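Chain by chain, the residues:
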Number of protein chains: 2
Amino acid sequence: MAVGIKDVARAAGVSPATVSRVLGNGPVSTSLRERVETAIRLTGYRPNLSARRLRSQHSRTIGLIVSDLGNPFFTALSRAVEDAAYRAEMRVVLCNTDENPAREAMYLRLMQEERVTGVIYAPTRRMAASLGQMDFDFPVVLVDRTGPVGRHDGVLLDNRDAAGRLADHLAARGFRRIAGLFGNTSSTAEDRHAGFVAALAGHGLTARASFVAPAVAAAEEAAAALLAGPDRPDAIVGSNGLILLGIVKALKAAGFAMPTDVAVAGFDNEVWTDLVGDGVTVIEQPVADIGRAAMSLLFERLQNPDGAARTVMLAGRLIERGSTRRA
Amino acid sequence: MAVGIKDVARAAGVSPATVSRVLGNGPVSTSLRERVETAIRLTGYRPNLSARRLRSQHSRTIGLIVSDLGNPFFTALSRAVEDAAYRAEMRVVLCNTDENPAREAMYLRLMQEERVTGVIYAPTRRMAASLGQMDFDFPVVLVDRTGPVGRHDGVLLDNRDAAGRLADHLAARGFRRIAGLFGNTSSTAEDRHAGFVAALAGHGLTARASFVAPAVAAAEEAAAALLAGPDRPDAIVGSNGLILLGIVKALKAAGFAMPTDVAVAGFDNEVWTDLVGDGVTVIEQPVADIGRAAMSLLFERLQNPDGAARTVMLAGRLIERGSTRRA
DNA sequence: GTGAAAGCGCTAACAA
DNA sequence: TTGTTAGCGCTTTCAC
């Protein structure tokens, strides 16, 4: 059957404690360490992580709870987090909630049962509301989205600013009948909406904004309705990469060309955005920086559990492409 | 401090064993069960998974080791696997190796230490070669790629057939100077290469095939070289979605139009493929089916550990689009 | 149906 | 530096 620490100890002629010290880089003489290491190799011993964690009371595991792995933003984020964790010799449990609060709750419970060291978490708006009443035995760092004020650390894009710059850009290019599709599950989409509407108002323009499920199909449908309806917009904005894609698909299906018939712009510099037509104007997010910042906040919080909650805000970058060129 | 099973037992006036039975849906009278459940709620008790796993000797965890989460094929696969696991009340630990054998080895070791119930795994070609000498205490199901013959269950696209159909399609459309870029890390790319070359030979054509890193930048560079070199191909094929994207980007950068100057086709029906120009001809993989089949194989193997290794092969679907239309 | 007792595999505390 | 001992929090006998 499975070989345990005692078998290794016997094989090396030492006590289990010494084997344990070798495993944990504890103080062991070189000669014993070598004997133990050979014994480990010979027996094919693999330490049992459950036992280690139970005894040592720390899991060296961080939970990453994202809302949609089908969204390249979150896959990029995951990589950055995993990378940082790897360097810190920690494991990452990756949880995908599909913007479903029930799954979020399930995963939060799981994280508690796993006794994780910390969690990095992009909550839905609905779950963020309940987050205020919940207590966790580990620090939680929110990414991409906000939660109850002052309760958790967080890393965010400056969404209002970025959306405002998008609005300014469209207004400056002479577009006037501007519509926007925003996700209906995140604080982030709300913030982008607010920044967008406010900036347009500053130019004396009224935004035609609506909230949709942050998914390609839903956005495509909503965009098709906009295009078929009366008073067709001359520009449409999407609040994330999936929504933006839906808009572009709807345009294509309806046979509209991109800057000429309707201008398009949005968030997330996804690979396809510079491939379609003359490219789609987007706000690029510093995704890797967001992931790294979240990990830093988490580690700092572990050092200093009682400091005040901090929110790091990063700036987006406007990439102007053909889809908003003015005729 | 953290509340344990004993605290709950005390609060409910029962023994720890009874609380444990409630947790595990064991035989408990309704009245006691209710008392225990209230006590759990009142105390905010969360069972310690490490302790449960240690004692019960099963982790209810499956490991999913994929080679590139930046590849939509693998994110789609992950969803299918996670979905099936969720229904089976199992957890998934998602591991991304970035086609790096060192990371694969690290994760395989981790899976052993976690005492996972089973693993679903897309190995690099290099790691697949060493897989024959490795022994695991859990079943391994290979996905998308093959390993040592007869050693593990597996789920695969019928790659030779699919690549052959792509070749036939191009030949039938009258293309003659056909080049192909294939990934250099997977058995799958090899198989596609073989099927492609063989099918073209059947039409009396010689394929100009080369192997590149399965990533956008590498493919873009290789494609640019093909386009700039002598005897420019009239069609280029990419062996997966990332490579295909690189090819399309190179064409765009060089100012070539898609069916007219050079035809393009490849694997994976990614979202952008029907958006660029008149669409890119692709082989679509039944990704969700692949994931489900892998989970089925895994569960069946757990039931019947000694049966012969099985390989499930699924057919791809050719989607003809504008990028291979003949002038 | 319920409780008492043993022990999963390891590491931490203490002693030597 | 090394070994001995105890016990992390739970589930699983085994009695009743």
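Residues numbered from 1 in each chain as written. Chains lettered and ligands numbered in written order. Predicted model: local features only at pLDDT ≥ 70, side-chain atom pairs only at ≥ 80, totals over all residues. Heavy atoms only, no water.

Considering helix 5 (residues 72-87) of chain A
Residues and elements named next belong to chain A. Over its 16 residues, helix 5 extends 23 Å from the first C-alpha to the last, a length consistent with the 22 Å expected when each residue adds 1.5 Å. Every buried residue of helix 5 is listed here: Phe-73, Phe-74, Thr-75, Leu-77, Ser-78, Ala-80, Val-81, Glu-82, Ala-84 and Ala-85. Taken from the residues just after helix 5, Glu-89 is the one with a positive phi, measuring 55°. (Helix = DSSP H or I, 4+ residues; strand = E, 2+ residues; numbered from the N terminus. Expected span 1.5 Å × (residues − 1). Buried < 20%, exposed > 50% of the residue type's maximum accessible area, 1.4 Å probe, protein only.)

Here we look at the protein's contact with DNA strand D
Inspection of the region around DNA strand D gives 24 residues, with Thr-18, Ser-29 and Arg-55 of chain A together with Ile-5 and Arg-52 of chain B positioned closest. Take the atoms of DNA strand D that sit within 4 Å of the protein: sugar and phosphate atoms are 58% of them. The side chain of Arg-21 of chain A places a nitrogen or oxygen atom 2.6 Å from a base oxygen of DNA strand D. The contact in question runs from a phosphate oxygen of DNA strand D to an N or O atom on the side chain of Tyr-45 of chain B, over 2.6 Å. (Near = heavy atom within 4 Å. Polar contact = N/O pair within 3.5 Å; in protein donor to acceptor, adjacent residues only side chain to side chain.)

Some points on the sheet that holds strand 3 (residues 118-121) of chain A
Residues and elements named next belong to chain A. One open sheet accounts for 6 strands, arranged 2-1-3-4-5-11; its pairing is parallel. The open sheet has two edge strands, strand 2 (91-96) and strand 11 (311-314), and neither has a second partner. Across this sheet, the average inter-strand angle for adjacent strands is 15°, counted without regard to direction. Pairing analysis gives 4 bridges linking strand 1 (residues 61-66) to strand 3, with the strands arranged parallel. For Ile-62, the partnering residue across the bridge sits in strand 3 and is Gly-118. Against the sheet, helix 12 (residues 287-303) makes contact with strand 1, strand 3, strand 4 (140-143), strand 5 (153-157) and strand 11, and its axis sits at roughly 165° relative to strand 5, the strand it touches most. (Pairing = 2+ DSSP bridges. Axes fitted to C-alpha atoms, helices over the stretch in contact; angles between N-to-C directions. Contact = heavy atoms within 4.5 Å.)

A word on the pattern of salt bridges
Summed over all chains, the structure comprises 40 salt bridges over all chains. In this structure, Arg-53 of chain A engages Glu-114 of chain B in a salt bridge whose closest nitrogen and oxygen atoms are separated by 2.7 Å. Note that Arg-53 of chain A is positioned in helix 4 (residues 49-56) and Glu-114 of chain B in the loop between helix 6 (101-113) and strand 3 (118-121), a pairing that runs across two chains. Residue Arg-53 of chain A is classed as buried on the basis of its relative accessible area, which comes to 7%. According to the relative accessible area criterion, Glu-114 of chain B is buried, its value standing at 10%. Residue Asp-68 of chain B is joined to Arg-79 of chain A by a salt bridge in which the shortest nitrogen-to-oxygen separation is 2.5 Å. Here the residue Asp-68 of chain B occupies a position in the loop between strand 1 (61-66) and helix 5 (72-87), and Arg-79 of chain A occupies one in helix 5, the pair thus bridging two chains. Of the residues examined, Asp-68 of chain B reaches a relative accessible area of 12% and is grouped as buried. (Salt bridge = Lys/Arg side-chain N within 4 Å of Asp/Glu carboxyl O.)

Concerning the pairing of strand 5 of chain A
Residue and element names in this part refer to chain A. Burial runs high along strand 5: 5 of the 5 residues are buried. In strand 5, alternate side chains face the same way, and those of Asp-153, Val-155 and Leu-157 on one face and Gly-154 and Leu-156 on the other are all buried. The pairing of strand 4 with strand 5 spans 3 bridges and is parallel. Bridge pairing links Val-143 to Val-155 in strand 5.

Let's talk about the relation of the copies chain A and chain B
For the match of chain A to chain B, the screw axis carries a shift of 0.0 Å, the RMSD comes to 0.1 Å, and the turn is 180°. The superposition operator between the copies reduces to a two-fold rotation axis. No C-alpha of chain A lies nearer the rotation axis than that of Ser-50 of chain A, which sits 2.3 Å from it. Interface overlap between copies: 100% of the residues of chain A at the interface are likewise at the interface in chain B, consistent with a symmetric, same-surface contact. (Least-squares fit on C-alpha atoms with pLDDT ≥ 70 in both.)

Regarding the side chain of Ser-239 of chain A
Residues and elements named next belong to chain A. Take Ser-239: it is sitting in the loop between strand 8 (235-238) and helix 11 (241-254). The class for Ser-239 is buried, based on a relative accessible area of 3%. Excluding residues that lie within four positions of it along the chain, Ser-239 makes contacts with Leu-181, Phe-182, Gly-183, Ala-189, Arg-192 and Phe-267.

What about the protein's contact with DNA strand C?
The local shell around DNA strand C holds 25 residues, among which Ile-5 and Arg-52 of chain A together with Thr-18, Ser-29 and Arg-55 of chain B are the closest. Near-protein atoms of DNA strand C (within 4 Å) split between backbone and bases, with sugar and phosphate holding 61%. Within the contact set of DNA strand C, a phosphate oxygen lies 2.6 Å away from a side-chain nitrogen or oxygen of Ser-29 of chain B. Mapped onto the surface near DNA strand C, the elements with two or more residues apiece are helix 2 (16-23) and helix 4 of chain A together with helix 2 (16-23) and helix 4 (49-56) of chain B. The element contributing the most residues to the surface near DNA strand C is helix 4 of chain A, with 4 residues. For the surface near DNA strand C, a count of residues per class yields 11 nonpolar, 8 polar and 6 charged. (Nonpolar A, V, L, I, M, F, W, Y, C, P; charged D, E, K, R; others polar.)

Thoughts on unusual backbone geometry
Of note in this structure, Asn-25 of chain A is not a glycine but carries a positive phi near 55°. For Asn-25 of chain A, the location among the structural elements is in the loop between helix 2 and helix 3 (30-43). Its identity is not glycine, yet Arg-60 of chain B carries a phi of approximately 45°, on the positive side. Structurally, Arg-60 of chain B can be placed in the loop between helix 4 and strand 1.

Side note on the interface of chain A and chain B
Accessible area lost on assembly of the parts is the figure often given for the size of an interface. Each side of the interface is counted separately: chain A has 40 residues, and chain B has 40 residues. Together chain A and chain B conceal approximately 4,200 Å² of surface at their shared face, both sides included; 53% is due to carbon and sulfur atoms. Inspection of the region where chain A meets chain B yields 10 salt bridges. Ionic pairing is found between Arg-79 of chain B and Asp-98 of chain A, a salt bridge with its closest N-O pair at 3.0 Å. Seen at the junction of chain A and chain B, the total is 21 residue pairs in polar contact (both at pLDDT 80 or more). At the level of elements, helix 4, helix 5, strand 2, helix 6 (101-113) and helix 11 of chain A are the ones that each hand at least two residues to the side of chain A that touches chain B. Per element, the largest residue contribution to the side of chain A that touches chain B is 7 residues, and it comes from helix 6 of chain A. (Buried area = accessible area lost by both parts, 1.4 Å probe.)

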